[in-house]
Amino acid sequence: MDWTDDSEDDDNISWESDEEAKPENSGPPPATNFPTVEQEDHAGPSRVSPADPSRSKLISHFVGMGFAEDMVTKVIDENGERDVNTLLETLLTYKVIGTSTSSPRSSNNEKKGPDDDFSDISNVEFSDADYVENEIEDEDISEERKLLTLVEMGFSKDEAASAVGRCGQNASILEIADSIHAAQLAEGVEGPEEEFPWTCWSEDESTTSFIFGASTDKKRIRRWSDIDRRKRMKMYSQGSRNEDDEDLPSLSLPNPMIGFGLPNGRPLLTHRKLPEAAMGPPYFYYENVALAPRGVWDTISRFLYDIEPEFVDSKFFCAAARKRGYIHNLPIHNRFPLLPLPPRTIFEAFPMTKKWWPSWDTRTHLNCLQTCTASAKLTERIRSALADSDDPPSHNTRQFVINECRKWNLVWVGLHKVAPLEPDEIEMLLGFPRNHTRGGGSSRTERYKSLGNSFQVDTVAYHLSVLKDMFPNGITMLSLFSGIGGAEVALHRLGIHLKAVVSVEISEVNRNIVRSWWEQTNQTGTLIDIADVQQLNGDKIEQLIHTFGGFDLVVGGSPCNNLAGSNRVSRDGLEGKHSALFYDYFRILDLVKNIMGKES
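Residues numbered from 1 in each chain as written. Predicted model: local features only at pLDDT ≥ 70, side-chain atom pairs only at ≥ 80, totals over all residues. Heavy atoms only, no water.

Per an unreviewed UniProt entry, the chain goes by DNA (cytosine-5-)-methyltransferase and derives from Acorus calamus. In its Subcellular location (unreviewed entry) section, UniProt records this for the chain: "Nucleus". Regarding the chain, the UniProt comment filed under Sequence similarities (unreviewed entry) reads as follows: "Belongs to the class I-like SAM-binding methyltransferase superfamily. C5-methyltransferase family." (UniProt positions renumbered as here; feature names shortened; annotations may be inferred.)

Peer 1: Before we go on, may I ask you to explain the UniProt feature "active site" (unreviewed entry) in the chain in this structure?
Peer 2: The feature "active site" (unreviewed entry), as annotated in UniProt, sits at Cys560 in this numbering. Considering the arrangement of structural elements, one finds cysteine 560 in the loop between strand E11 (553-556) and helix H19 (582-599). (Helix = DSSP H or I, 4+ residues; strand = E, 2+ residues; numbered from the N terminus.)

Peer 1: Any chance you could explain the pairing of strand E3 (residues 283-289) here in plain terms?
Peer 2: The side chains of a regular strand alternate, first on one face of the sheet and then on the other. The element E3 is extensively covered by neighbouring structure, given that seven of its seven residues are classed as buried. Bridge analysis of E3 against E11 gives four bridges, and the strand direction is parallel. Residue pairing across strands places tyrosine 285 opposite valine 555, the latter belonging to E11. Relative to strand E5 (residues 323-328), E3 runs antiparallel, the two being bridged by five bridges. Note that in E5 the partner of asparagine 288 across the bridge is glycine 325. (Buried < 20%, exposed > 50% of the residue type's maximum accessible area, 1.4 Å probe, protein only. Pairing = 2+ DSSP bridges.)

Peer 1: Explain the side chain of aspartate 584 here, please?
Peer 2: Within the fold, aspartate 584 resides in helix H19. Sequence-distant contacts of aspartate 584, that is, excluding residues within four places in its chain, are made with Val533 and Gln534. (Contact = heavy atoms within 4.5 Å.)

And the structure:
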């Protein structure tokens, strides 16, 4: 992906891990509602001639759903025709934001407001998994208006009323619509074949469901045909279920995500029994995004010896959210946190921002730290909108600013001024030493990407802390998909000696970062670099085991490109090109266990 900021042009970067993913599909990625990322779209959005019959049909479709024709035309012009789910979301957002606008549009020479110009919308994919619940804040919209909007979207009055009651008065329109479809999935309701079987992904902390497009002659949002649904279900279950079993419930995410317990709190589990095949040696620890497509965590759990995942949001360990699932065979008692404890709120992490923080921005934690950052154009748009507003700003202006601040983790640095986090600030939030990713040939853009794809060190260290008393003389670790060395840094900060680390990481930039950290911290053990997990065959693993006498710990977080909510084009689950590398993690772990078992 080409990431550019105000001062540099970088070469293409290949995605290897974590939430933000650049789809390999040639279709255009979804656009956001306002200018956002430091990227220039040289190709521009896909355009369709106004005379194109498919364009007219699409306009008629959305007009039939109750949207104004001029609004539909504008959204299609800005975003292109092909990503219909983004068009629907953008139209709903415009409708919610625009309903309270009373003043007419100003002349062309007048300053623009936050919703006047969207011509510089970026084509960058970002992770929406951790802020989707805040994407449209319409808590002040009356229940009657919500019901009317849902009916206009094609739901029955009974369905809409039931979902509003189920989700609560503060739920957004998109959350309520997602809830209705989740209920339809559970009931196994089928609709007829669709003329436009479009798909829109939406998730919350308990489910991942589908919102489907509607045919042009009926204002309905309906599900795929039975045949299409079976294909999708089979894909996401990775063949783990028979077609007759496809409606079995999958793993649900806990709320709140606190795993098996937090520091200084009572453990949620007093005992867990591991399957015999899961027991060490070696210990192992696997991580990936919590909000994955349906069935993914069932499959991961099944391959990793049927161990129950531990879902944790790192906002309980630092000032930023990071919703992750972990599967491991480590003990869960006698854990302890890293000291000193990191700042747990925004004001603790960035006390200088408190002076400028407006009372109507009620955030106490940042959202998931991404691999990209907001543009200077967006922050200037926000400053201009606030400077031209009353004190306090209008509801429309506040809503625009809050949505963008949440989406891009913007903090207040002056009067009407917000700014994105700098790489060294993200290093601090993630628990890495200052300048961990700085220098050594790593550009600013590459630093954002590497940090956005990393472990949150304090969270991982809490889980790994049980190893300190078990290995007083140090540990030998196989680190798969090492990234910038989050597990290595966690063990070092815990005071666990790294006797030997075999680090497998495809990014040369990341390998250099880990090598530099190794040298700067005066590690006395052995560090071996391997570029690709697929180079680790049985012979190579056996050789490494003989060299080091086995591995005490196998750590890894395989790429999540095809799992993350940001990937709306090739979110193919564990069948995706990148996320399928999970099977290499299991393959290598199983080889290590088998070889070490034979030699014990």
